[in-house]
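# Inside the fold
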Amino acid sequence: LFNMSIHTLPDDCLSLAISFTSPLDACRSSAACTGFREAADSDATWEKFLPSDYKEIISRTDRPVAFSSKKELFLELSSAPLIIDGGTKSFMIDKKTGKKCYMLSPKELSISWSCVPQCWCWKPLLNSRFPIGVELIVVSWLQIKGRINTTLLSPNTAYGVYLVFQLSHRTFGFEHLPAEAEIQAGDDFHSQRSIPLGKNGSKGKGDAAEAAPSQQCLRDDGWTEVEMGEFYTNTKEMEVTMEFRETKGMQLKGGLILEGIEIRPK
């Protein structure tokens, strides 16, 4: 028994063992050893890496999701955002961990004065994943709110919340006071931080991991993000509310182009 090679184990045993690792380890196993390839690439293995509700999630998209294997589906969902719920949200899987990521579009957010054309302009945005976005024309009271239930997210996971935006050439009014970000998760967790939105605090692409929480970071998709805060999901259902605001100075401000609020594993 002790001299038996691992290659003599049935594929279903190998698949079960590999499914307890990670998507990255499964890909490494497939590439490193031909004896592991069939088990590492099997639907039984990659079914474990997909969210348990993946069928319900992909049913909420307007376009069909074509795939010939569970591994192919995982790679598709982890390589590009899937637009769901009539273009109001996007969904992705974290490639390394299989954890769920969401972005709430401007249409899914509550934005003060957003129905007033003199204050906000709704339009398609260049390089946006969503069919329609919004640009701030001018307001003195800036308030953007979002919410998500933790049942939509992966359990027992630390999540970061990120405002995804651009500052246009006509940006003004953000240099006087920093904005504020507030996260409330259920009744037990609350955080608040100051976020300067001036053009002097940004970092280059690829620096996101080293950036301080309040610094702007250029993303691979061409947008800029700033971390609003973080929270932790457990087995208890909670509603998480996220708010980004600048309401103290009352000075006029404009030029903020909003892509959305992203919730992704840290």
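Residues numbered from 1 in each chain as written. Predicted model: local features only at pLDDT ≥ 70, side-chain atom pairs only at ≥ 80, totals over all residues. Heavy atoms only, no water.

Under an unreviewed UniProt entry, the protein chain has the name F-box domain-containing protein and belongs to Genlisea aurea.

### Let's talk about the layout of surface pockets
What the second largest pocket holds in volume is close to 300 Å³. Lining the second largest pocket are 15 residues, and of these Leu50, Pro51, Ser52, Gly98 and Ser154 sit closest to its centre. For the lining of the second largest pocket, the class distribution of residues is 6 nonpolar, 5 polar and 4 charged. Split by domain, the residues of the lining of the second largest pocket number at least three in each of domain 1 (11–79) and domain 2 (101–265). (1 Å grid on protein atoms, 1.4 Å probe; cavity = no way out; pocket = protein on both sides within 12 Å on 5 of 7 lines; lining within 4 Å. Points joined across faces, edges and corners; volume = space filled by probe spheres on them. Nonpolar A, V, L, I, M, F, W, Y, C, P; charged D, E, K, R; others polar. Domains from an automatic or database assignment.)

### Regarding the sheet that holds strand β4 (residues 110–111)
Taken together, 5 strands build an open sheet; the order of strands is β4-β7-β14-β9-β10 and the sheet is antiparallel. Here the strands that pair on one side only, and so sit at the sheet edges, are β4 and β10 (189–195). The pairing of strand β7 (residues 142–149) with strand β14 (residues 239–246) spans 8 bridges and is classified as antiparallel. If you follow arginine 147 over to β14, its bridge partner there is threonine 241. (Pairing = 2+ DSSP bridges. Helix = DSSP H or I, 4+ residues; strand = E, 2+ residues; numbered from the N terminus.)

### Description of the side chain of serine 105
Within the secondary structure layout, serine 105 lies in the loop between β3 (100–104) and β4. For serine 105, a relative accessible area of 1% translates into the label buried. From its side chain, serine 105 meets the backbone oxygen of threonine 88 in a polar contact 2.9 Å long. (Buried < 20%, exposed > 50% of the residue type's maximum accessible area, 1.4 Å probe, protein only. Polar contact = N/O pair within 3.5 Å; in protein donor to acceptor, adjacent residues only side chain to side chain.)

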